[in-house]
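Coordinate inspection notes
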Amino acid sequence: MTSENTQVLLASRPDGKPKADDFEIGHSAIPEPAAGQILLKILYLSLDPYMRGRMNAGKSYAKPVEIGSVMEGGTVARVVRSRHPDFAEGDFVLSHSGWQSYALSDGVGLRKLDPQAAPLTTALGVLGMPGFTAYSGLLTIGKPKAGETVVVAAASGAVGSAVGQIARIKGARAVGIAGGASKCAFVRDELGFDAVIDHRAADFAEQLATACPGGIDVYFENVGGHVWDAVFPLLNDFARVPVCGLIAQYNSRPGEQTGGDRLPAVMRDVLSKSLSIRGFIQREFVDQRPDFYREMAAWISAGKVRYQEDIVDGLENAPTAFIGLLEGRNFGKLVIRVADEA
C-alpha cells in the first residue's frame, strides 16, 4: 500500500465550462480506521454529468462541493483494513467515496459486491446508478406501452443505452439520438435500437421526424438544447417526458439564455396535448432497487441488455476525462481505474 492518499479537489467554481485549473491534485496521509470503521482502497471511480452541478454554489437538490474539498462521486473499493464487524479485509464494496485513492467509512450506505457475479465496474454503470436511473425513470414516469415510440437522447451513454433497450424489452419502438457516426452505429448495430439519428447532422430535425412518422409517445430527456427543440414538436397527445438530465445546459452561466423565451409555447402544448413532463432523481425510487437488480441482471444474462464502458487509467486523469464527458467525448459509461483489483 502506498504511503499517501491522492485526492482531486475542487480548486475553483467554473465560469461556464470547467477548466483543468478548476481542479487541484492534493495529497494527504492515509487515514487509520477507528473502532467501527473500515479503510477503503478505491479501485474505480464513476464520472457522471451530475457532478458538474456539484461544482456550482447555487441551490440544488444536493449540497455543492466546497472549495478545497474532494470532488464527490460513486466508487468501487476494496476493504484493506477493517474494525467493523460486518466487513472483512478483501471485501469489495460500492461506496460514495469521491475522487481519491483511499477513504474511511463507517459502513453506512455500502453495498457488498461479488466480482464473480458481474464485473465490478458494472456496479457504477448498467447495474448501478445509471442503469437504475434508466429503469426507474422510464418505467415509472415514461410508462412505455407495446407499439409506442420511445426516443432517448445521449443514446450511447450509460443511461440512454439502457433506456432504449428496456423500451424494446417492453415492446416499444426505440429511437436513439447520439453524436457521431461511430456512436450511432453502436446504438443501431450493437444495442439493437430501431433507428438512431446523429444530432450533429445539418438536417437532424428532419431526420428525426422521418424516424418517428407516428410521433413520439415517450421522450427520455438527457440533453436539452437543440435536441429538445427537434423533439418537442413531435410529441403526441398524452406523451410522457422523464427529465433526467440537461447536459447541453450544464455549462451555462447563471441566468444565461440562448434564443427567445420559449416557455409560453411549451406551456401551450403542455396544456393542449396533455403532456406529462417530470424531472426526477433516481433516489426517489429507492424501493424499486431490488426489482432493478433482479431484472437487469436477468436481461444482461439473456443478452437483452448490452453495455459499453469507457475506462480511463489514473486518478490524475479524472479532470480531463470529466471535461471530455461534458463535451461528449466519452463512448459509454465513463470510469476511472484508480487501482488494480488485485
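The text that follows walks through the structure, step by step, so that each part is easy to find. (Residues numbered from 1 in each chain as written. Predicted model: local features only at pLDDT ≥ 70, side-chain atom pairs only at ≥ 80, totals over all residues. Heavy atoms only, no water.)

**Here we look at the sheet that holds strand S10 (residues 195-198)**
Our working definition: Here, strands pair whenever DSSP counts at least two bridges between them. Put simply, DSSP H or I for four residues or longer makes a helix, DSSP E for two residues or longer makes a strand, and each gets a number counted from the N terminus. Here the axes come from fitting lines to C-alpha atoms, over the contacting stretch only for helices, and the angles between their N-to-C directions go from 0 to 180 degrees. Two residues qualify as a contact provided that any one of their heavy atoms is within 4.5 Å of a heavy atom in the partner residue.
Reading across from one edge, S10-S9-S8-S11-S12-S13 is the order of the 6 strands in this open sheet, with parallel pairing throughout. Lying at the two open borders of the sheet, with one neighbouring strand each, are S10 and strand S13 (276-279). Strand-to-strand twist in this sheet, taken as the mean axis angle between neighbours without regard to direction, amounts to 15°. Pairing of strand S9 (residues 173-178) with S10 involves 4 bridges; the strand directions are parallel. Across the sheet, the residue bridging to Ile177 is Ile197, located in S10. Against the sheet, helix H4 (residues 181-190) engages S9 and S10, with an angle of about 170° to S10.

**Looking at unusual backbone geometry**
If you check the backbone angles, Lys143 has positive phi at about 45° while not being a glycine. Within the secondary structure, Lys143 is located in the loop between helix H2 (129-142) and strand S8 (149-152). Phi angles above zero are rare outside glycine, and Ala154 is one such case at about 50°. Take Ala154: it is sitting in the loop between S8 and helix H3 (158-169).

**A closer look at the environment of Ala185**
Selection rule: Categorising residues by exposure relies on relative accessible area from a 1.4 Å probe, with only protein chains included: less than 20% of the type maximum marks a residue as buried, more than 50% marks it as exposed, and the intermediate range marks it as partly exposed.
Looking at where Ala185 falls in the secondary structure, it is placed in helix H4. A relative accessible area of 23% places Ala185 in the partly exposed class. Residues Ala185 and Val196 lie 11 residues apart in sequence; the distance between their C-alpha atoms is 8.1 Å.

**Some words on the nonpolar core**
To keep things clear, this is the line we draw: Definition of nonpolar core: a set of buried residues of the types Ala, Val, Leu, Ile, Met, Phe, Trp, Tyr and Cys, connected through side-chain atoms within 4.5 Å.
Judged by nonpolar contacts, the single largest core of 32 residues is most densely connected at Leu138, Val163, Val187, Phe193, Phe220 and Met296. Residue assignment for this core shows that the elements contributing at least two residues are H2, S8, H3, S9, H4, strand S11 (216-220) and helix H8 (289-301). Contacts of Leu138, omitting those with residues within four sequence positions, involve Thr133, Lys143, Pro144, Val150, Val163, Ile166, Ala167, Val218 and Phe220. Core analysis: the second largest hydrophobic core is formed by 29 residues, Leu40, Leu45, Val79 and Leu315 among them.

**A word on the state of the cysteines**
In plain terms, the rule: The rule for a disulfide is simple: a pair of cysteine sulfur atoms within 2.5 Å.
As enumerated under the stated definition, the model contains 0 disulfides in all. Cys184 takes part in no disulfide bond, and the closest cysteine sulfur, belonging to Cys212, lies 14 Å away. Sulfur of Cys244: no disulfide; nearest cysteine sulfur belongs to Cys212 and is 19 Å away. Take Cys244: its relative accessible area is 25%, and that puts it in the partly exposed class.

**With respect to the side chain of Asn330**
Heads up, the condition is: Residues adjacent in sequence count toward polar contacts only when both atoms are side-chain atoms; beyond that, a polar contact is any pair of N or O atoms within 3.5 Å, and within protein one must be able to donate a hydrogen and the other to accept it.
Among the secondary structure elements, Asn330 is positioned in the loop between helix H9 (318-326) and strand S15 (333-337). Owing to a relative accessible area of 12%, Asn330 belongs among the buried residues under this scheme. In this structure the side chain of Asn330 is engaged in a polar contact, spanning 2.9 Å, whose partner is the backbone oxygen of Gly332. Once residues lying within four places of it in the same chain are set aside, the contact partners of Asn330 are Lys183, Asp310, Gly324 and Leu325.

**Points about the packing of H2 against H3**
In a pair of packed helices, the angle between the axes and the distance between the axes together describe the arrangement. How we decide: In what follows, roughly perpendicular refers to angles from 65 to 115 degrees, roughly parallel to angles under 35, roughly antiparallel to angles over 145, and oblique to any angle outside these ranges. If you view the pair so one helix is near and one far, a crossing is left-handed when the near helix is turned anticlockwise from the far one by less than a right angle, and right-handed when it is turned clockwise.
The interhelical angle for the contact between H2 and H3, taken along N-to-C directions, is 45°, at an axis separation of 8 Å. When the axis of H2 is compared with that of H3, the two are oblique. Relative to H3, the crossing made by H2 is right-handed. Taken together, the residues of H3 that come into contact with H2 (itself represented by Pro130, Thr133, Ala134, Tyr135, Leu138 and Leu139) are Ala158, Val159, Ala162, Val163, Ile166 and Ala167.

**Quick notes on the pairing of S9**
Worth spelling out the cut-off: Seen with the strands pointing away from the viewer, any crossover whose path from the first strand over the helix to the second strand runs clockwise is right-handed.
The buried count for S9 comes to 5 of 6 residues, which makes it a mostly enclosed element. Across 4 bridges, S8 lies against S9 in parallel orientation. Each residue of the ladder has a partner; that of Val150, found in S9, is Ala174. The parallel pair S8 and S9, bridged by H3, forms a crossover whose chirality is right-handed. Following the backbone out of S9, through H4 and into the adjacent parallel S10, one traces a crossover that is right-handed.

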